[in-house]
Amino acid sequence: MTTLLVAEHDNTALAEPSLRALAAARQLGSDVHALVAGRDCRAAAEAAALQDGVTKVLLADGEELDHQLAEPMAELIVSLAGDYGAIVAAATAAGKNLMPRVAALLDVMQVSDITRVVAPDTFERPIYAGNAIETVKSSDSKLVITVRASAFGPGATGVAPAPVVDVAPPRASANSHFVRAVIAQSARPELNAARIVISGGRGLQSADNFNKYLAPLADKLNAAIGASRAAVDAGYAANNLQVGQTGKIVAPDRDIACGISGAIQHLAGMKNSKVIVAINKDPEAPIFAVADYGLVGDLFEILPQLTAAL
Amino acid sequence: MRILVAVKRVVDFNVKVRVKPDETGVDLANVKMAMNPFDEIAVEEALRQKEAGKADEVVLVSIGPAEAAETIRSGLAMGADRGILVKSDGRIEPLAVAKVLKAVIDRERPGLVILGKQAIDDDSNQTGQMLAALVGWPQATFASSVVLDGERAEVTREIDGGLETLELKLPAVVTTDLRLNEPRYASLPNIMKAKRKPIEELTPAGLGVDVAPRLEVLKVAPPEPRKGGVKVNSVPELVDRLKNEAGVL
Ligand SMILES: Cc1cc2nc3c(=O)[nH]c(=O)nc-3n(C[C@H](O)[C@H](O)[C@H](O)COP(=O)(O)OP(=O)(O)OC[C@H]3O[C@@H](n4cnc5c(N)ncnc54)[C@H](O)[C@@H]3O)c2cc1C
Ligand SMILES: Nc1ncnc2c1ncn2[C@@H]1O[C@H](COP(=O)(O)O)[C@@H](O)[C@H]1O
């Protein structure tokens, strides 16, 4: 049976995590249709149609789907679910918000945050902050899956576009309404797509320092900036920069951890980076146990030197 | 209004668990257990709403073994009014937990249910959303602020791009994120008081809920170890190694 990918988009293009979730969806071995839902999102549907491995795009476009609230989105997906053997989305904030709602309406136990497709009904997923990897086999007749994007490669665009088919939007949500969003604007690459991530922790000591010491290096390397929970809690960095078990999971080519001790919850979010560099004044900091290159010292001296040396 | 809070007993967040040698699960013998940290935030939020006069009773519910009563007790010591323990040994999945919670909601009729966004053992991040679907209520996950106003809740959520604010008509389901509040410590007098607060015991069967797992756990293995690296002595050495050894500059 066909697989349905619930694609995340900004109305014009698919989000990077969805492209990676597509790679996982294809590994289930069936055709993949992509659902693009929202308001004024036809351009995103056309972009989805160009992705290699997408054989059909369902476009649900209407004001009922503005801001893609979980309630109408779940209703829409459930109304389409009959045709599909598996429903897949990236384990982003949006995917995590929506997919369990879909799963429960279908009486399915969702498989969350998969990192490997072992067989079409069997998956690996990290538990306990990645300190154990569970292999689970689903007995549900339909699968609902969220995908850890960093564990899969992004796809390519294909040769010929897939057809785009309109589907009717659902009823608008009666009991939940969008009020406002405050979206951080940044010219830097997205955390979940960056090839280099520079993360700062409590060692940065203030929001001013966080910016003053990390931004020049990030700009020089075209890197994304991340943060530990402690740095976010203390107000040095915005919540959407938190990397870790309960924040974003990154796996860039290079992660540079500055003034971060290396708690298991933080390591859970970055230990699959290809090369890890740690800068910390405490030689015993646990971060050094996972770092390929560790530099013991004061980050306020080291970071300007490093920025100048590159 | 009554607020229902779901609290799970999990391995303490400071513990680095180990996988059993036969790869059937993680070794929980003699491991320190505690209330899931996101659920402490949920309890704290319910108490603050009650203290602000927006709610009049805070009820805690946990699904798990007899020892989960300790988890409920620690929430009662924070100030919650009473507890419900739905006794269930063995592995219980978020879908089943959501079904049990629905049955408890049918009895308790809360105006708001608060859960953690994620249990730090199974890392599922599902139960609240599933519960909202099963009872047909609106949901606001990953909350960093909850303002109750009569029949409505205005909830700000931590999303990938920043923050989003939703208005929900009550009853509703909210799940907590880290920035919602800082949970209080229980005071000694409140710990003593909590010993006398009631905990009702129920069973999934008594509530008419089938909790049989849908996922079969074939294996629980340790993650691939990461080789420790080297310490470098200077910035020039670091740059040189990154360029010539790691090839990432
Ligand atoms: C439920 C739960 C979920 C969590 N989720 C996450 C998560 O998703 N992500 C996350 O990151 N954490 C998470 N945490 C928090 C985690 O346990 C740690 O508390 C946190 O990661 C610590 O952040 P830190 O390393 O910045 O701070 P600290 O542990 O305080 O470390 C600061 C480090 O900076 C170093 N330092 C200080 N000054 C300097 C200097 N001048 N130069 C060089 N080094 C310096 C110190 O030696 C120290 O090692 C979670 C915790 C809980 C309970
Ligand atoms: N066995 C349980 N008993 C009580 N609450 C639970 C249980 N399992 C999950 N929850 C609640 O659901 C939240 C999310 O858990 P999960 O979906 O497993 O990540 C937790 O933070 C709890 O609030």
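What counts as what
Residues numbered from 1 in each chain as written. Chains lettered and ligands numbered in written order. Predicted model: local features only at pLDDT ≥ 70, side-chain atom pairs only at ≥ 80, totals over all residues. Heavy atoms only, no water. Core = buried A, V, L, I, M, F, W, Y, C linked by side-chain atoms within 4.5 Å. Buried < 20%, exposed > 50% of the residue type's maximum accessible area, 1.4 Å probe, protein only. Helix = DSSP H or I, 4+ residues; strand = E, 2+ residues; numbered from the N terminus. Contact = heavy atoms within 4.5 Å. Buried area = accessible area lost by both parts, 1.4 Å probe. Salt bridge = Lys/Arg side-chain N within 4 Å of Asp/Glu carboxyl O. Polar contact = N/O pair within 3.5 Å; in protein donor to acceptor, adjacent residues only side chain to side chain. Nonpolar A, V, L, I, M, F, W, Y, C, P; charged D, E, K, R; others polar. Pairing = 2+ DSSP bridges. Near = heavy atom within 4 Å. Areas by Shrake-Rupley, 256 points an atom, 1.4 Å probe, with all protein chains shown as cover. pLDDT = per-residue confidence, 0-100. Patch = residues over 30% accessible without salt bridge, like charges linked within 9 Å, V, L, I, M, F, W, Y side chains within 5 Å. Arc of directions from axis to C-beta.

### Some points on the nonpolar core
Ranked by internal contacts, the top residues of the largest apolar core, which has 90 residues, are Val36 of chain A together with Val86 and Leu131 of chain B. A per-element tally of this core places helix 3 (residues 94–108) of chain B first, with nine residues. If we skip the residues at most four places from it in the chain, Val36 of chain A touches Ala7, His9, Leu14, Cys41, Ala44, Ala45, Ala48, Val57, Leu58, Leu59 and Ala60 of chain A. One finds Ala80, Ile120, Leu170 and Ala172 of chain B within the second-largest nonpolar core, a separate group that totals 39 residues.

### Examining the interface of chain B and chain A
Reports of interface size often rely on the accessible area that becomes lost once the parts have come together. Between chain B and chain A, the contact holds 76 residues from the first and 82 residues from the second. Buried surface at the junction of chain B and chain A, both sides included, amounts to about 6,600 Å², of which 55% is carbon and sulfur. Three residues, Asp160, Arg214 and Arg226 of chain B, lead the burial of chain B against chain A; their summed loss comes to 12% of the area buried on that side. Joining chain B to chain A, the criterion identifies six salt bridges. Between Asp107 of chain A and Lys99 of chain B there is a salt bridge, and its shortest N-O distance comes to 2.7 Å. Counting the contacts that link chain B with chain A gives 49 residue pairs in polar contact (both at pLDDT 80 or more). At the level of secondary structure, the elements contributing two or more residues to the side of chain B that touches chain A comprise helix 3, helix 4 (127–135), strand 7 (139–149), strand 8 (152–159), strand 9 (162–169), strand 12 (215–221), strand 13 (230–232) and helix 6 (235–246) of chain B. Here the residues of the side of chain B that touches chain A are counted per class, giving 39 nonpolar, 15 polar and 22 charged. Relative to strand 12 of chain B, strand 8 (residues 132–138) of chain A runs antiparallel, the two sharing six bridges. Pairing of Thr135 of chain A across the sheet is with Lys219 of chain B, part of strand 12 of chain B.

### As for helix 4 of chain B
Most of helix 4 of chain B sits inside the fold, with eight of its nine residues counted as buried. The complete set of buried residues in helix 4 of chain B reads Thr127, Gly128, Gln129, Met130, Leu131, Ala132, Ala133 and Val135 of chain B. In this structure, the buried residues of helix 4 of chain B make contact with helix 4 (93–105) of chain A together with helix 3, strand 6 (112–116), strand 7 and strand 10 (172–176) of chain B. At the C-terminal side of helix 4 of chain B, Gly136 of chain B shows a positive phi close to 70°.

### Let's talk about the site of ligand 1
Around ligand 1 lies a shell of 28 residues, among which Arg202, Ser228, Gln242, Ser261 and Asn280 of chain A are the nearest. The environment around ligand 1 is built from residues contributed by chains A and B. The separation between a nitrogen atom of ligand 1 and a polar main-chain atom of Leu299 of chain A is 2.9 Å. Burial of ligand 1 by the protein amounts to 87% of the accessible area it has alone, namely 990 Å².

### A short note on the confidence of the model for chain B
Interpretation of this model should avoid reading the predicted coordinates in detail wherever pLDDT is low. Across chain B, pLDDT averages 97, with 100% of residues at or above 70. The ipTM value of the predicted complex is 0.97, and its pTM value is 0.97.

### A closer look at a nonpolar patch on the surface
On the surface, Leu188, Ile191 and Met192 of chain B cluster together into a nonpolar patch covering about 290 Å² of accessible area. Assignment of secondary structure puts Leu188 of chain B in helix 5 (residues 188–194).

### With respect to helix 6 of chain B
Buried within helix 6 of chain B are the following residues: Val235, Leu238, Val239 and Leu242 of chain B. Projected onto a plane normal to the axis of helix 6 of chain B, the buried residues spread over an arc of 100° and lie on a single side. Every exposed residue of helix 6 of chain B that faces more than 90 degrees away from the buried side is listed here: Pro236 and Asn244 of chain B. In this fold, the buried residues of helix 6 of chain B make contact with strand 14 (254–258), strand 15 (275–280), strand 16 (293–296) and helix 8 (299–309) of chain A together with strand 13 of chain B. One side-chain oxygen at the N-terminal end of helix 6 of chain B lies 3.2 Å from the backbone nitrogen of Glu237 of chain B; it belongs to Ser234 of chain B. Downstream of helix 6 of chain B by a residue or two, Gly247 of chain B has a phi angle that is positive, lying close to 65°.

### Observations regarding the site of ligand 2
Residues and elements named next belong to chain B. Taken together, 19 residues lie near ligand 2, and Ala6, Asp39, Ile63, Ala119 and Thr127 sit nearest. Between an oxygen atom of ligand 2 and a side-chain N or O atom of Asp122, the distance comes to 3.0 Å. Measuring from an oxygen atom of ligand 2, one finds a backbone N or O atom of Asn125 at 2.8 Å. In isolation ligand 2 exposes 480 Å². Once the protein is present, 99% of that is buried. Sorting elements by how many residues they give to the shell around ligand 2 places strand 4 (residues 57–64) first, with three residues.

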